[in-house]
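The chain contents come next:
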Amino acid sequence: MKENREKELIIALPKGRIFTEATECLVKAGVLSRPISDKSRKLILRDAKTGIRVLILRNHDVPIYVERGAADLGVIGRDVLLEQGRDVYEPLDMKVAPCRLMVAAPEGMTWADLTGRISLRVATKFPVITTRFFEQMGVQAKIIRLYGNVEIAPATGVADLVVDLVDTGGTLRANGLVPIREIFSATARLIANRASLKTNYKLVSAIIEQLKGVIPTAQNRTENGAGPASGEERA
Amino acid sequence: MRQITSLRAIPGGSRVFLPGEAKHKREVEESLLGVFEQWGFRELLTPAFEFYVPRAGSEVLDAQTYRMVDLESGGLLALRADMTPQIARAAGTILAAHPRPLRLSYAANVFRHAHVAGELQREFWQAGVELIGLVSLEADAEMIAIAVECLQANGVDNFRMSLSHGAFLRGILGALGLEGAQRAELLEAIERRDSSGVTSLLKGVPRQKTDAGLLERVPECFGGVEVLRGVEEKIRTPAARGAVRELLRVFRILELYGLSERIIFDLCDFKDFDYYTGVIFEGFVEGSGYPVCGGGRYDRLLGQYGDDALGTGFAVDLNQMLPLVTQGAESRNGTDFLVIDLTREKRSGIVLSRKLRARGWRVARDIIRRDLAGSLEYARAAGVSKCLVIERGGKRGGHARLLEPNGEDLGAYPIEEILARVGGRDENR
């Protein structure tokens with residue numbers, strides 16, 4: 001098979017912070033010729049100069065579009081990847097949009113207080129990661145899957161603890177919670193469809209090389225207070 | 001436990017093939033078995049049941065294996081989860097005295113509790129070959145050439161074969177002394193092509209005089225043959241260097257087959273099954289995340305069945321393959337003629353149908369008692385090409401009226417003339 005020169009790669013991006021920071025990288029790297037906005041009503045945008053198409057998706061939908069080959073590449077948070085466990089390649093740490101997944105408890109409670117309980121209820125939007133984390137700690141916990149604003153679960157008696165992404169910690173504090181354990185901290189990843197990486201390897205590796213030249217370095221990130229650059233805390 | 005409330009439900013992960021789909025599947029299977037036969041492979045049928053014996057190195061597959069209590073012995077039985085050990089068992093036992101190399105093929109279903117694209121799948125249809133008793137890179141190359149032909153014979157063209165070697169990563173990890181959880185985590189990061197993950201997992205592993213540095217760059221080692229040449233000079237682990245050299249030699253043979261354009265190398269591929277010891281490969285079609293075929297050399301497996309011989313093989317995954325095969329779609333659609341006999345004795349209809357079938361046509365008789373309008377409605381819904389109506393009190397001497405299912409009248413003719421006009425099905429295709 002000849003490398004298909006007319007092949008136009010499709011990149012799936014989630015609305016929001018990752019979109020802003022990832023498109024910035026893509027423009028700097030020359031993969032996109034001009035900035036684009038996730039406020040567009042059109043959800044498939046084509047860059048006339050580079051021929052790249054961008055799909056604007058919801059956060060949790062990015063991995064499945066890439067896994068199924070509807071998009072060749074995507075950028076997505078490690079939180080979503082770990083939660084969904086999709087069969088995609090993750091060839092590049094984009095070093096943008098850092099996120100930290102933390103266990104948080106009502107003020108004054110320690111990890112030891114909580115794990116000693118017979119029935120520990122944990123509210124989270126990340127049931128898979130949370131289940132795995134507590135299993136690895138050897139702590140039996142009942143996972144309560146919520147869809148948002150998990151911070152109010154302890155105050156309302158729905159759960160004892162929460163597991164959630166923490167940015168500044170402001171929302172936690174405002175609801176009387178403090179982070180007590182880090183599950184992981186990571187930045188967004190470039191993901192690739194398995195067949196696309198193999199059948200369009202020249203185009204895909206060219207994009208990876210271009211992006212490598214512009215991604216922020218690890219040092220910059222630590223100065224920004226985004227947590228340890230090494231990533232996950234080993235459970 | 002969820003209660004199965006309906007007798008109508010089918011367990012998730014297995015499926016019905018509807019009439020057109022079933023024909024499609026059988027045609028593709030036959031095409032694949034035909035390719036295998038042309039390369040000298042003969043079909044073997046093996047039982048769906050086997051004794052359940054967990055195998056070291058096959059923990060992943062073992063966890064996916066369905067088991068049940070044997071009503072005869074009280075021990076455990078398994079539904080076959082993989083064809084290769086079944087063929088290897090037959091080769092090492094009942095076929096032990098047959099001359100080597102053995103060339104065996106199969107088309108069968110295997111059962112696994114696995115998730116594909118997040119969906120449970122339990123029944124996998126596969127067609128494949130095993131070439132047993134031949135240690136030669138020639139044999140490894142032949143597997144890849146046959147796999148290419150399997151796809152091309154079914155009109156699939158936008159694919160590449162991705163080659164790797166079982167001894168490459170195993171050799172490097174072994175030389176680094178990595179074991180247990182650390183080895184598993186590293187392999188998982190390599191499988192995801194996660195360079196930064198590999199780097200952080202290799203923290204503290206000595207760099208000097210080892211291949212740790214190379215391992216960090218392995219997630220980027222995919223592409224044309226130049227990838228191998230770049231790696232070959234840098235490897236320090238003898239087993240891994242040997243693996244790369246074998247791949248280079250297989251590539252040279254594949255160049256002779258004229259297949260170099262189809263081949264890429266991806267040294268991160270190591271496959272789930274620990275029994276692969278040599279050259280391994282997978283076929284990827286653009287636009288799908290899962291390999292359509294795959295296989296490789298498994299020199300350790302056969303020893304377990306009392307035969308010291310060596311083998312290589314591959315299988316086409318029909319679940320992935322069938323949606324890619326679009327050729328021959330029109331011929332799968334139903335019936336050529338619906339014979340509607342409105343006479344009392346039905347003799348003419350039976351005779352006409354028999355004569356059409358003898359000419360290769362697919363003919364259904366409308367046996368239900370209903371009016372012509374009802375029969376035509378059925379013909380339209382069932383995708384019948386043409387209707388032949390034998391009218392009550394029509395012309396003597398066996399006339400039939402040719403109708404489009406939409407009711408358009410193409411005229412009434414003597415049956416002999418109709419037969420002469422339509423000819424044989426094969427001449428018409």
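What counts as what
Residues numbered from 1 in each chain as written. Chains lettered and ligands numbered in written order. Predicted model: local features only at pLDDT ≥ 70, side-chain atom pairs only at ≥ 80, totals over all residues. Heavy atoms only, no water. Helix = DSSP H or I, 4+ residues; strand = E, 2+ residues; numbered from the N terminus. Expected span 1.5 Å × (residues − 1). Buried < 20%, exposed > 50% of the residue type's maximum accessible area, 1.4 Å probe, protein only. Arc of directions from axis to C-beta. Contact = heavy atoms within 4.5 Å. Pairing = 2+ DSSP bridges. Salt bridge = Lys/Arg side-chain N within 4 Å of Asp/Glu carboxyl O.

Engineer: Before we move on, could you go through helix 6 (residues 180-191) of chain B and cite the residues and values that matter?
Structural biologist: All names here are of chain B. Between its first and last C-alpha, helix 6 extends 16 Å over twelve residues, near the 16 Å set by a 1.5 Å rise per residue. Here helix 6 has its buried residues at Leu186, Leu187, Ala189 and Ile190. Each buried residue of helix 6 sits inside an arc of 160° when the element is viewed along its axis, so together they form one side. Helix 6 presents Gly180 and Ala181 as exposed residues on the side facing more than 90 degrees away from its buried surface. In the core, the buried residues of helix 6 are packed alongside helix 5 (166-175), helix 7 (195-201) and helix 8 (212-217).

Engineer: Could you give an account of the pairing of strand 5 (residues 89-93) of chain A, with specific residues and numbers?
Structural biologist: Residues and elements named next belong to chain A. Within strand 5, five of the five residues are buried, which leaves the element mostly enclosed by the surrounding structure. Two elements, strand 5 and strand 11 (residues 189-192), share three bridges in a ladder whose sense is antiparallel. Bridged to Leu92 within strand 11 is Leu190.

Engineer: Outline the pattern of salt bridges, listing residues and values.
Structural biologist: Per the counting criterion, the structure on display carries 40 salt bridges over all chains. In this structure, a network of salt bridges that share partners links the residues Arg78(A), Glu90(A), Arg189(A), Glu188(B), Arg192(B) and Asp194(B).

Engineer: How would you explain unusual backbone geometry if you had to name every residue and give the values?
Structural biologist: Arg100(B) connects to Pro101(B) through a cis peptide bond whose omega is -5°. Tracing the sequence through the fold places Pro101(B) in the loop between helix 3 (83-92) and strand 5 (102-116). Positive phi, close to 45°, is recorded for Asn149(A), a residue that is not glycine. Structurally, the position occupied by Asn149(A) is in the loop between strand 8 (141-145) and strand 9 (161-166). Phi at Lys346(B) is positive, roughly 65°, even though this residue is not glycine. As for its position among the elements, Lys346(B) is in the loop between strand 13 (337-341) and helix 13 (347-358).

Engineer: If you had to explain the environment of Ala104(A) to someone new, which residues and values would you point to?
Structural biologist: Residue and element names in this part refer to chain A. Following the sequence through the fold, Ala104 ends up in strand 6 (residues 99-106). Its relative accessible area of 1% is what places Ala104 among the buried residues. C-alpha of Ala104 to C-alpha of Asp160: the two residues are 56 residues apart in sequence and 9.4 Å apart in space. Those residues in contact with Ala104 that lie beyond four places of it in its chain are Leu161, Val162, Leu172, Leu177, Val178, Pro179 and Ile180.

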